[in-house]
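Now for the letters of each chain:
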Amino acid sequence: MRQELPHIILSRQPEVEEAFSAYQTTHEFYYEVQQRLEFQRHCEWYEAEAEYHRQELKKMRGELNIFRWFLRRF
């Protein structure tokens, strides 16, 4: 790519490399921010689901277990 660069952009090489370096750094920064936000949203969703399932389990443990009556042997 470096060999083809002078043919594409007609400016001095250090300026072009500096511009691309700044662009790449900015792009990587925003990509990292996006990835962290997505991970945080996933963690929040997971925690909400876990809490919901804990509440469901607590409710189920408090209910009468009618299957035990059918499976009990005399």
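Residues numbered from 1 in each chain as written. Predicted model: local features only at pLDDT ≥ 70, side-chain atom pairs only at ≥ 80, totals over all residues. Heavy atoms only, no water.

**Quick notes on the overall build of the protein chain**
- Within the protein chain, the secondary structure is distributed over 3 helices and 0 strands.
- Its helices and strands taken in sequence order, the protein chain reads α-α-α from the N to the C terminus.
- With 74 residues in all, the protein chain has 3% of them scored as buried.
- In the form shown here, the protein chain has an accessible surface area of approximately 7,900 Å², with 59% of it arising from carbon and sulfur atoms. (Helix = DSSP H or I, 4+ residues; strand = E, 2+ residues; numbered from the N terminus. Buried < 20%, exposed > 50% of the residue type's maximum accessible area, 1.4 Å probe, protein only. Areas by Shrake-Rupley, 256 points an atom, 1.4 Å probe, with all protein chains shown as cover.)

**What about a nonpolar patch on the surface?**
- A cluster of nonpolar residues, L64, I66, F67, W69, F70 and L71, forms a patch on the protein surface that exposes about 790 Å² of accessible area.
- Along the chain, L71 falls in helix α3 (residues 67-71). (Patch = residues over 30% accessible without salt bridge, like charges linked within 9 Å, V, L, I, M, F, W, Y side chains within 5 Å. Salt bridge = Lys/Arg side-chain N within 4 Å of Asp/Glu carboxyl O.)

**A few points about the packing of aromatic side chains**
- Taken as a whole, this structure holds 2 aromatic pairs when the rule is applied.
- Between F29 and Y30, the aromatic rings sit 5.3 Å apart at their centres with planes inclined by 75°, giving edge-to-face as the arrangement. Across the pair, exposure class does not vary: F29 and Y30 are exposed alike. (Phe/Tyr/Trp six-rings, centres within 6.5 Å; stacked < 30°, edge-to-face > 60°.)

**Remarks on the pattern of salt bridges**
- As enumerated under the stated definition, the model contains 4 salt bridges in all.
- Between E32 and R36 there is a salt bridge, with its nearest N and O atoms 2.8 Å apart. With E32 and R36 both in helix α2 (residues 13-62) and 4 residues apart, this pair spans about one turn of that helix.
- On the accessibility criterion, R36 (58% relative accessible area) is exposed.

**Let's talk about the confidence of the model for the protein chain**
- A residue-level look at the protein chain finds 81% of positions with pLDDT of 70 or above and a mean pLDDT of 84.
- Looking at the elements of the protein chain, mean pLDDT is at its lowest for helix α1 (residues 5-8), recorded as 58, and at its highest for α2, recorded as 93. (pLDDT = per-residue confidence, 0-100.)

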